[in-house]
Amino acid sequence: MLSHIQSSLTEAQSALNNLLANPQALASIEAAAQQLITSLAAGGRIFSCGNGGSMCDAMHFAEELTGRYRGNRRGMAAIAISDPSHMSCVANDFGYEHVFSRYLESHGRAGDVLIGISTSGNSQTIVNAATVARDLGMKVIILTGRAATRLEPLADVYVNTPGGQYADRVQELHIKVLHILIELVERHFCPENY
């Protein structure tokens, strides 16, 4: 059992080291942070969405902006698209693939930002959300674990964090990226916290 634990941690360490050594990925993270800062400074809002574990990451990201990350500060406008009543209504009436896009049709506006999280880069729910976001004049940031996916041409900023064969390693990198984005936003608006 110990060997499996060590193997798992070594694999995670390797994925993180690969991300750290990827200048393109680091530049895309920086570009994503700048997009969030620009939107929030102009009164925009950030919407986040994903499926399964990626939805949990989207919720985690939004609550740390509206609540607190490392230090006390004012809340920031972030919303995870995760309302169960909305999702069950839209899934029943229109199909699950529209649960995020329908929410953006109702609430999104030009100047807002969508963070769509899809480990595969091909989730139809995220493709639909990104398409609607672009139609509304929103900026689109995509977090994925693959290159050359259906989401890449829909993204203003495409953050690709390959983590290996399975989604769990990609998700582990995504939460690190999301925490970095929150920190960079906080450093801009609340430098006194650092």
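Scroll up a little and you will see the structure.
Please read these numbers as outputs of a predicted model, since none were measured by experiment.

Reading the values: the criteria
Residues numbered from 1 in each chain as written. Predicted model: local features only at pLDDT ≥ 70, side-chain atom pairs only at ≥ 80, totals over all residues. Heavy atoms only, no water. Helix = DSSP H or I, 4+ residues; strand = E, 2+ residues; numbered from the N terminus. Expected span 1.5 Å × (residues − 1). Buried < 20%, exposed > 50% of the residue type's maximum accessible area, 1.4 Å probe, protein only. Polar contact = N/O pair within 3.5 Å; in protein donor to acceptor, adjacent residues only side chain to side chain. Disulfide = S-S within 2.5 Å. Axes fitted to C-alpha atoms, helices over the stretch in contact; angles between N-to-C directions. Parallel < 35°, antiparallel > 145°, perpendicular 65-115°, else oblique. Left-handed = near helix turned anticlockwise from the far one by under 90°. Contact = heavy atoms within 4.5 Å. Phe/Tyr/Trp six-rings, centres within 6.5 Å; stacked < 30°, edge-to-face > 60°. Lys NZ or Arg CZ within 6 Å of the ring centre and 35° of its normal.

Student: Explain helix H2 (residues 23–41) here, please?
Tutor: Side chains of residues three or four places apart in an α-helix project in the same direction, reflecting 3.6 residues per turn. With 19 residues, H2 extends 27 Å from end C-alpha to end C-alpha; this agrees with the ideal 27 Å at 1.5 Å per step. If you check which residues of H2 are buried, you get Ala25, Ser28, Ile29, Ala32, Ala33, Gln35, Leu36, Ile37, Ser39 and Leu40. The N-terminus of H2 is capped by Asn22, whose side-chain oxygen sits 3.1 Å from the backbone nitrogen of Gln24. Gly43 lies just past H2 and shows a positive phi near 90°.

Student: Just checking my understanding: could you explain the state of the cysteines for this structure?
Tutor: Two cysteines, two sulfur atoms, one covalent bond between them: this is a disulfide. What the rule picks out here adds up to zero disulfides. Free cysteine: Cys56, not disulfide-bonded; nearest cysteine sulfur from Cys49 at 13 Å.

Student: Would you mind going over the packing of helix H5 (residues 99–107) against helix H6 (residues 124–136) with me for this structure?
Tutor: What describes two packed helices is the angle between their axes and the distance between those same axes. The contact between H5 and H6 brings their axes to 7 Å, and the two run at 20°. The angle between H5 and H6 places the two elements in the roughly parallel class. Note on packing geometry: the crossing formed by H5 with H6 is right-handed. Two secondary-structure elements touch here, H5 through Val99, Phe100, Ser101, Leu104 and Glu105 and H6 through Thr125, Ile126, Asn128, Ala129, Val132, Ala133 and Leu136.

Student: Explain the packing of aromatic side chains here, please?
Tutor: How two aromatic rings sit relative to each other is set out by the distance from centre to centre and by the angle between their planes. Summed over all chains, the structure comprises one aromatic pair. An angle of 70° between the planes, with centres 6.3 Å apart, marks the rings of Phe47 and Tyr103 as edge-to-face. Highlighted residues: Phe47 in strand S1 (residues 46–50) and Tyr103 in helix H5, separated in sequence by 56 residues. For the pair formed by Phe47 and Tyr103, the shared burial category is buried. Seen from the ring of Phe189, Arg74 lies directly overhead, with NZ or CZ sitting 5.6 Å from the centre.

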